[in-house]
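Fold and contact review
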Amino acid sequence: MRRLLPIILLVFALALGTWTGWNKQKEPIGPSVRVEFIDVGQGDSILIKTPEGDAILIDAGEKEYGPKVVSHLRKLGVRRLRLVVMSHPHSDHIGGIPDVLNSFKVGGVLDSGYVHGTNTQERVLSIIEKKKIPYHRATQGMVFRFGDDVQLKVLAPGKQHLQGTSSDANNNSVVVQLITGRVKMLFPGDIERDGEGWLIASRQDIESQILKVAHHGASTSTSLEFLRLVKPEYVVISVGAGNEYGHPRKSTLKRLVKDRTGASMYRTDKNGTITIRTDGRRITVEAQNE
Ligand SMILES: [Zn+2]
């Protein structure tokens, strides 16, 4: 018994820790905005649902993830999308968009306007045209309002697209900030150093408690200067396990670590689909794999 006692105490302490941790994360909060980082492997797909029931989708992963995004949205009771944001025309962001446009009534699309000339992009644009879905070319300063207290601000691109950067498709990503009450969330698509530099130089308020890490944690994004301005409390990396690009990069993870930023990190390759809820004041995070 004397030998067993420390083990029993340890098991008890662990159980208590898990229980209180669980309890803390699931604390009920008021009417809340729900943001789901859907696990689409190497790619992005984020659903935003407002307390009034408006749904906004940012990206839909690669083509093969289209059906998963559609069924996930249906499971959450989405019947209609007020807005579909296409951050930029790479296939890991817009590949699944045709399935989405063919499955839901869509109130409008917000696009970077960057012409990539790929079959994937042409297919998406032709569906938008055929279905006569209102098309908005994202430009800094645009604001979309949902109900009384949710707004989506367009921070980039500017009127002119950036040119001659490391990747013009990435650096001209639509950058949006979701604001509800005191809580702000930043979705910078796949912008790299040049896109971040433009945002910083634009002197817009990019400070946000929640940051979707740009470009799946690539080393060319998420500079220290950018992080110092965003001051995130939660960072989410949407990334596929064992992807061919080595995302997220060690150097990026080093810049994001908790003892440097104070931010809690979530990754779709480890945590699966991640759900963030906020009532405009408090923030809770729940992950498929805790
Ligand atoms: Zn990407």
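Predicted, not measured: the structure shown is a model, and the values here were computed from it. (Residues numbered from 1 in each chain as written. Predicted model: local features only at pLDDT ≥ 70, side-chain atom pairs only at ≥ 80, totals over all residues. Heavy atoms only, no water.)

**A short note on the confidence of the model for the protein**
- Looking at the protein as a whole, its pLDDT mean stands at 93, while 90% of the residues score no less than 70.
- Residue range residues 19-24 is modelled with pLDDT below 50. Its contacts to residues more than four positions away, or to other chains, number zero contacts. (pLDDT = per-residue confidence, 0-100. Contact = heavy atoms within 4.5 Å.)

**Side note on the packing of aromatic side chains**
- Scanning the model with the defined rule gives one aromatic pair in all.
- Sitting above the plane of the Phe104 ring, Arg74 keeps its charged end 5.5 Å from the centroid. (Phe/Tyr/Trp six-rings, centres within 6.5 Å; stacked < 30°, edge-to-face > 60°. Lys NZ or Arg CZ within 6 Å of the ring centre and 35° of its normal.)

**Looking at the nonpolar core**
- Core analysis: the biggest nonpolar cluster contains 31 residues, and Val35, Leu110, Leu152, Leu178 and Phe187 have the highest contact counts within it.
- If near-sequence neighbours (up to four positions away) are discounted, Leu152 is found in contact with Ile56, Leu83, Val85, Met142, Val143, Phe144, Phe146, Val176, Gln177 and Leu178.
- Listed in part, the 25 residues of the second largest apolar core include Leu57, Leu76, Leu101 and Ile128. (Core = buried A, V, L, I, M, F, W, Y, C linked by side-chain atoms within 4.5 Å. Buried < 20%, exposed > 50% of the residue type's maximum accessible area, 1.4 Å probe, protein only.)

**Observations concerning unusual backbone geometry**
- Pro157 follows Ala156 through a cis peptide bond whose omega is 0°.
- In this structure, Pro157 sits in the loop between strand 10 (150-156) and helix 6 (168-171).
- Omega for the bond connecting His247 with Pro248 falls within 30 degrees of zero, at -10°, which places this linkage in the cis form.
- Tracing the sequence through the fold places Pro248 in the loop between strand 14 (234-237) and helix 9 (250-256).
- A positive phi angle is found at Thr222, which is not glycine, with a value near 60°.
- If you trace the backbone, Thr222 turns up in the loop between strand 13 (210-212) and helix 8 (224-230). (Helix = DSSP H or I, 4+ residues; strand = E, 2+ residues; numbered from the N terminus.)

**A few points about the pairing of strand 2 (residues 46-49)**
- Side chains Ile46 and Ile48 of strand 2 all project onto a buried face; the interleaved residues Leu47 and Lys49 project onto the opposite face, where all are buried too.
- As defined by bridge partners, strand 1 (residues 33-37) adjoins strand 2 across four bridges and the pair is classed as antiparallel. Its bridge partner being in strand 2, Phe37 is matched across the sheet by Ile46.
- Pairing of strand 2 with strand 3 (residues 55-58) involves four bridges; the strand directions are antiparallel. Among the inter-strand pairings, Ile48 is bridged to a residue of strand 3, identified as Ile56.
- With antiparallel pairing between neighbouring strands as the criterion, strand 2 and strand 3 make up a hairpin whose turn holds five residues, including Gly53 at a positive phi of roughly 95°. (Pairing = 2+ DSSP bridges.)

**Describing the side chain of His216**
- Within the secondary structure layout, His216 lies in the loop between strand 13 and helix 8.
- Owing to a relative accessible area of 1%, His216 belongs among the buried residues under this scheme.
- A distance of 2.9 Å separates polar atoms of two side chains, one belonging to His216 and the other to Asp92.
- Of note is the side chain of His216, whose polar atom sits 3.4 Å from the side chain of His93. (Polar contact = N/O pair within 3.5 Å; in protein donor to acceptor, adjacent residues only side chain to side chain.)

**Notes on the sheet that holds strand 15 (residues 264-267)**
- The seven strands are arranged 9-10-11-12-13-14-15 in an open sheet whose pairing can be described as mixed. The two strands at the open ends of the sheet, each matched to only one other strand, are strand 9 (143-146) and strand 15. Across the sheet, the axes of successive neighbouring strands diverge by a mean angle of 15°, strand direction being ignored.
- Sheet topology note: the strand 13/strand 14 ladder contains three bridges and is parallel. Looking at the pairing, Ile210 lines up with Tyr234 of strand 14. (Axes fitted to C-alpha atoms, helices over the stretch in contact; angles between N-to-C directions.)

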